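Observations on chain architecture
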Amino acid sequence: MSSEVYFDNNATTPCLDAVIAAVSDALGTNFGNPSSAHCRGYMRQEALGAARAFVEDVLGAPAGSAIFTSGGTEANNLVVLGVLRQAQARTPEPIRLITSPVEHSSVTRVADALVTQGVTVDYLPVGSDGVVSTDELELLLARPAALVSLQWANSETGVVQLIDRVAAICRDAGTPLHCDAAQAVGKLPIDLSTLPIDYLTFTGHKLHAPPGIGVVIDTAQRLSQSLWYGGDQERGLRPGTQNLAAIIGLREALEIRSADLDASVDHLRTLRDRFERLILQRIPTANVNGLESPRVCNTSNVCFPGIEGQALVAQMSRRGVCCSQTSACTSHVPRPSSALLAMGLSEEDAFASVRFSFSVLNTDAEVQAVADLLSEVYRDLLRLST
Ligand SMILES: Cc1ncc(COP(=O)(O)O)c(C=O)c1O
């Protein structure tokens, strides 16, 4: 490859130039602590308020519902742990969390920790398409639960859950719903004014904002249980000086994406579909995991039978192409993807699968070049493994 090709945008995305300029301005000329009681502090408080109002408005969320955190992991912890602890404080009865086996580790590991604290965790089954069963959700909600936590789009496969239906079922059962939308914001239209989601979480670095900034939308402002002690920032739920530069970067990235959401989605879908067509033509034994499922526009997860996905990732990396095997948060651990196993793939096929995730900065020429290279690398690896 004459220059690097980055197809790992579900792990993180590069900041757009306009975002870097906005962040740089907020770190330099316009630095300041929004809590300071002087002219610079008041000015920064105004900028913080404007960013919060923008984030809320763009998602159709009520004024005052956004809480800024240090990222998606912290946002998920704050909601899942916070809501469960609030429920535990209200009743001596055992309490229950309903989630799925395809969640990000920032939800599944919280669920594991809660089990050790006496919480019952029920996992919704997932079909071979990666979509959780809403019939089963209705059955599980025949008994009270403190929270349903379900992602919108899967980071590894791009499979999208039936969030409208899930939200309606939870509303009818009177159970709060948390939706991890880290891989959905900026790729799907989201309007919380018409969708009864109690808690929506996401992170900036999947949509060309800096890492280290996340958001909880606490629609009805019901969160009261902080996980930390400190100041009054973010309603005391996330104490500590706000990372205003990153917040301003997030606002800028959201503003850019919301102005051209349809065109961005079209571009991403065109790249993904062409990539998959080329791969399936060149490597007829390959399978796209979740090909027929409802999927977010930018993610391809491809099984290359007979080889180790990790070897393919390493060989592509040597040639300047960045792709990945599983979520970046767990990819240093040689474990098969839990999302693929939940869809019924064998361990061998899960290990043979590789994720390619595109951003608006990728081009058709890159897709063509990577598809050509992939078929060469795959053939070489297959020869070595037989
Ligand atoms: C679905 C999902 N949720 C949560 C996170 C965690 O976000 P962060 O990296 O900001 O902690 C990620 C990041 O990969 C993700 O893909």
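From a predicted model like this one, the values you see are computed outputs, not experimental measurements. (Residues numbered from 1 in each chain as written. Predicted model: local features only at pLDDT ≥ 70, side-chain atom pairs only at ≥ 80, totals over all residues. Heavy atoms only, no water.)

1. Some details on the overall build of the chain
- When you go through the chain residue by residue, the secondary structure sums to 12 helices and 12 strands.
- For 386 residues, the compact-globule formula gives about 21 Å, and the C-alpha radius of gyration of the chain, at 21 Å, lands near that figure.
- For the chain, the C-alpha atoms occupy an extent of roughly 65 × 55 × 35 Å along the three principal directions.
- Every one of the 386 residues in the chain was classed for burial, and the buried ones make up 56%.
- Total accessible area on the chain is roughly 16000 Å²; 52% of this is exposed by carbon and sulfur atoms.
- Of the side-chain charges in the chain, 29 are positive and 42 negative, and the distance between the mean point of each set is 2 Å. (Helix = DSSP H or I, 4+ residues; strand = E, 2+ residues; numbered from the N terminus. Rg over C-alpha atoms; globule rule 2.2 N^0.38 Å. Buried < 20%, exposed > 50% of the residue type's maximum accessible area, 1.4 Å probe, protein only. Areas by Shrake-Rupley, 256 points an atom, 1.4 Å probe, with all protein chains shown as cover. Lys, Arg positive; Asp, Glu negative; His and termini not counted. Charge placed at Lys NZ, Arg CZ, Asp CG, Glu CD.)

2. Regarding the nonpolar core
- Formed by 66 residues in total, the largest nonpolar core has its most connected members in Leu137, Trp152, Ile197, Leu200, Phe202 and Ile217.
- The element contributing the most residues to this core is helix α7 (residues 244-259), with eight residues.
- Among the domains, domain 1 (5-14 + 261-385) and domain 2 (17-259) are the pair contributing at least three residues each to this core.
- When sequence neighbours within four positions are dropped, the list of residues in contact with Leu200 reads Leu59, Trp152, Cys179, Ala181, Leu192, Val215, Val216 and Ile217. (Core = buried A, V, L, I, M, F, W, Y, C linked by side-chain atoms within 4.5 Å. Domains from an automatic or database assignment. Contact = heavy atoms within 4.5 Å.)

3. Regarding the sheet that holds strand β2 (residues 66-69)
- If you walk across this open sheet you meet the seven strands as β2-β8-β7-β6-β5-β3-β4, and the pairing is mixed. On the outer flanks of this sheet lie β2 and β4 (120-123), each paired with one strand and no other. The average angle at which neighbouring strand axes cross in this sheet is 20 degrees, direction not considered.
- By the bridge criterion, three bridges tie strand β6 (residues 177-180) to strand β7 (residues 199-203) in an arrangement that is parallel. Along β7, the bridge assignment pairs Asp180 with Thr201.
- Strands β2, β7 and β8 (214-218) of the sheet are contacted by helix α2 (residues 39-58), whose axis makes an angle of about 115 degrees with β2. (Pairing = 2+ DSSP bridges. Axes fitted to C-alpha atoms, helices over the stretch in contact; angles between N-to-C directions.)

4. Observations concerning the side chain of Ser149
- Secondary-structure assignment places Ser149 in strand β5 (residues 147-151).
- When its relative accessible area of 0% is taken as the criterion, Ser149 is described as buried.
- Each residue touching Ser149, except ones within four places of it in the same chain, is listed here: Val80, Leu97, Ile98, Thr99, Ser100, Glu103, Val107 and His178.

5. Description of the domain arrangement of the chain
- When its domains are assigned, the chain resolves into domain 1 (5-14 + 261-385) and domain 2 (17-259).
- Listed as interface residues are 33 residues of domain 1 and, on the opposing side, 32 residues of domain 2.
- Taking both partners together, domain 1 and domain 2 bury about 2500 Å²; carbon and sulfur atoms supply 53% of that area.
- The three residues of domain 1 that bury the most area against domain 2 are Leu261, Val296 and Met343, which together make up 24% of that side's buried surface.
- One can count 17 residue pairs in polar contact (both at pLDDT 80 or more) joining domain 1 with domain 2.
- Contributing elements (two or more residues each) for the side of domain 1 that touches domain 2: α8 (261-282), β10 (299-303) and α10 (338-342).
- Partitioned by chemical class, the residues of the side of domain 1 that touches domain 2 number 15 nonpolar, 15 polar and three charged. (Buried area = accessible area lost by both parts, 1.4 Å probe. Polar contact = N/O pair within 3.5 Å; in protein donor to acceptor, adjacent residues only side chain to side chain. Nonpolar A, V, L, I, M, F, W, Y, C, P; charged D, E, K, R; others polar.)

6. Focus: helix α4 (residues 105-116)
- Taking 1.5 Å as the rise per residue, α4 with 12 residues should run 16 Å; its terminal C-alpha atoms sit 16 Å apart, in good agreement.
- Of all the positions in α4, only Ser105, Ser106, Val107, Thr108, Val110, Ala111 and Leu114 are classed as buried. (Expected span 1.5 Å × (residues − 1).)

7. What about the environment of Asp8?
- Along the chain, Asp8 turns up in the loop between β1 (5-6) and α1 (17-27).
- Residue class for Asp8 comes out buried when judged on its relative accessible area of 11%.
- Taking the C-alpha atoms as reference points, Asp8 and Leu114, separated by 106 residues in sequence, lie 31 Å from one another.

8. Digging into the site of the ligand
- The environment of the ligand is formed by 13 residues, the closest being Gly72, Thr73, Asp180, Thr203 and Lys206.
- Take Gly72: an N or O atom from its main chain is 2.8 Å from an oxygen atom of the ligand.
- The separation between an oxygen atom of the ligand and a polar side-chain atom of Lys206 is 2.6 Å.
- For the ligand, whose unbound accessible area comes to 390 Å², protein coverage reaches 90%.
- Counting residues per element, the shell around the ligand draws most heavily on helix α3 (residues 72-90), which supplies three residues.
- Grouping the constituent residues of the shell around the ligand by class yields one nonpolar, 10 polar and two charged. (Near = heavy atom within 4 Å.)

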